Amino acid sequence: MTNSRLTPGGTALLDRTRALLPTRADWSCARGRDLTAGLMVALVALPLALGFGISSGLGARAGLVTAVIAGVVAATFGGSRVQVSGPTGAMTVVLVPIAARFGADGVLVVGLLAGLFLIGLALARVGRFIHYVPVPVVEGFTLGIAAIILLQQVPAALGVEADAGTTLGVALDALASWLQHPTTAPVAATLVAVAAILLVARVRPGLPGPLVVVVLLTVANRALDLGLAPIGKIPAGLPVPHFPSAAWDQLNSLVLPAIAVATLAALESLLSATVADAMSVGDRHDPDRELVGQGLANLVVPLFGGIPATAAIARTAVNVRAGAGSRLAAVTHALVLLVIVLVAAPLVSEIPLAALAAVLIATAIQMVRVSSVSALLRSTRGDAAVLILTAVATIAFDLVTAILAGLVLAGFIAIRQTAQAARLTEVPLEDGAGSDHHEERQLLDQHIVAYRIDGPMFFAAAHDFLLQLVEVGDVRVVVLRLSRVTTLDATGATVLADVIDRLEARGITVLLSGVKPEHDNVLHRLGTYDRLADGRHAFATTPEAIEHARLHAARTGCPAPT
């Protein structure tokens, strides 16, 4: 069967789908160094996977399962050669309220729906739009995520049980409980571990500091009987695949959370891929294919009891710095974690919760780029406002609300700045008519003036333009020079028509000159030309308009002085 029976649209969709699938060339650049890079990433990813699994509410095993399966699927089908996927802190922030409201099956259904949404976004070619997200929005929600991750670790760091509720509320309740019955061992262990992780990252960045600290603290807890609560039993091996069925009766309520998860997965994955491109020489990712990889990963992971996954910027950066050059590194990282799940689950179960809290607190601290945040806060008031609003909304509401709020504010500021660039200027007509100063004086005596509109004439700037122009007085003919108008929308054309109406009603003839071809259709369709006293009052050049203005002034009783 050939494609000849397909419609042109069907053929295009089929071609587009084929372009999003893996090819043999994806593995042609695999080298031995990818194996060592994958091992290094696995050592970094192990404590993070455990910590994020516990923080999500589905347990440490869910975090490991996610890292293994998403690591393989996303690496195989994704659009970046060096991207590493798995559970992340940002995703955990979104999953906590979903798990609290809908339970574990609700999280799994949300992951399935999010996977479908991501594949739909890829087919719609949405991936390229990530470049339009302003930097203050990205830094703002990163700052908010870091704050939430840190607050989520307060109960484990204090060694108290966490109750359900908002992130800030749970942290405050845990602090209140600890103050009633303070225990120093978990707090001291967490603080020492955080300091050690940050010190190792600064002095020996190539060393897997989190894993070293976790191992040492686990050994100390067993040998010295520090009294730190362990993770608890983790079943060995991958769970049997099953289809989550308990939450499907709440499907309508799960759609919006799934959209939030898909949005975050797309945003974080594409930002991570962009960072990887900047770190890799000559490497460029395919954004739409990356969305396919993340979508397929989130379709498979829930079947094994894992949580929604996304690309991880920190693990991807470790992968690149370790010399990874192909997808083999990310797959190796996943296989190493699988071996740990299969043969070392009892040992992993002994890791203290305080150790994982320290890993996540250190991760939250390292997420915040102080120099970048400081520079944005000092740059402009608009950038500072967008960053602060996005960060606060992330903590107070959720990530999707925060991103939308940041985009709306950033868009409003950009529109305002663009509107301020529009200018309405009364200009001399010498350059247009080729006249000298004496002839210019004649034009003024004939009550002929010209206004030049520079920049965009759209909804944000059009009304200011109207207020300026309708106030002209002692004029018989107004020439509106439109050759420098960069943007003209329906509002701008409508306001221009209103200006013409008002001026013509006062006996002032309006002439247009220099209308660009791309603006001509807008003016025609919205009836702007119909408001002119004569259909011939639109001219290609300013000299033609001025010549007609002279004739008109002469006919209306304003002859040029002798």
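Conventions used here
- Residues numbered from 1 in each chain as written.
- Predicted model: local features only at pLDDT ≥ 70, side-chain atom pairs only at ≥ 80, totals over all residues.
- Heavy atoms only, no water.
- Core = buried A, V, L, I, M, F, W, Y, C linked by side-chain atoms within 4.5 Å.
- Buried < 20%, exposed > 50% of the residue type's maximum accessible area, 1.4 Å probe, protein only.
- Helix = DSSP H or I, 4+ residues; strand = E, 2+ residues; numbered from the N terminus.
- Contact = heavy atoms within 4.5 Å.

A. Representation of the nonpolar core in the model. By size, the foremost hydrophobic cluster in this structure holds 89 residues, and its most contacted members are Leu 50, Ile 98, Phe 141, Val 261, Leu 337 and Ile 351. Looking at this core element by element, the count peaks at 15 residues for helix H4 (residues 89-123). In contact with Val 261, other than residues within four places in its own chain, are Met 91, Val 94, Leu 95, Ile 98, Val 110, Ala 114 and Pro 308. Met 457, Val 478, Ile 508 and Leu 532 belong to the second-largest nonpolar core, a separate cluster that totals 26 residues.

B. Geometry of the environment of Pro 257. For Pro 257, the location among the structural elements is in helix H10 (residues 251-279). Taking the relative accessible area as the measure of exposure, Pro 257 reaches 15% and is therefore buried. Along the primary structure Pro 257 and Ser 513 are separated by 256 residues, whereas in three dimensions their C-alpha atoms are 53 Å apart.

C. Broad picture of unusual backbone geometry. In the Ramachandran plot, Arg 125 falls in the positive-phi region, its phi being about 60° despite a non-glycine side chain. Tracing the sequence through the fold places Arg 125 in the loop between H4 and helix H5 (135-152). Arg 125 sits in the partly exposed class, given a relative accessible area of 42%. The phi torsion at Asp 225 lies on the positive side, around 50°, for a residue other than glycine. Within the secondary structure layout, Asp 225 lies in the loop between helix H9 (209-224) and H10.

D. Local environment of the environment of Leu 113. Looking at the element boundaries, Leu 113 is found in helix H4. For Leu 113 and Gly 325, which are 212 residues apart along the polypeptide, the C-alpha to C-alpha distance reads 32 Å. Among all residues touching Leu 113, those that are not within four sequence positions of it are Trp 248, Leu 251, Leu 254 and Ala 258.

E. Examining the environment of Leu 238 more closely. Position of Leu 238 among the secondary structure elements: in the loop between H9 and H10. Sequence spacing of Leu 238 and Ile 69 is 169 residues, and the spatial spacing of their C-alpha atoms is 9.7 Å. Sequence-distant contacts of Leu 238, that is, excluding residues within four places in its chain, are made with Arg 61, Val 65, Leu 338, Val 341 and Leu 342.

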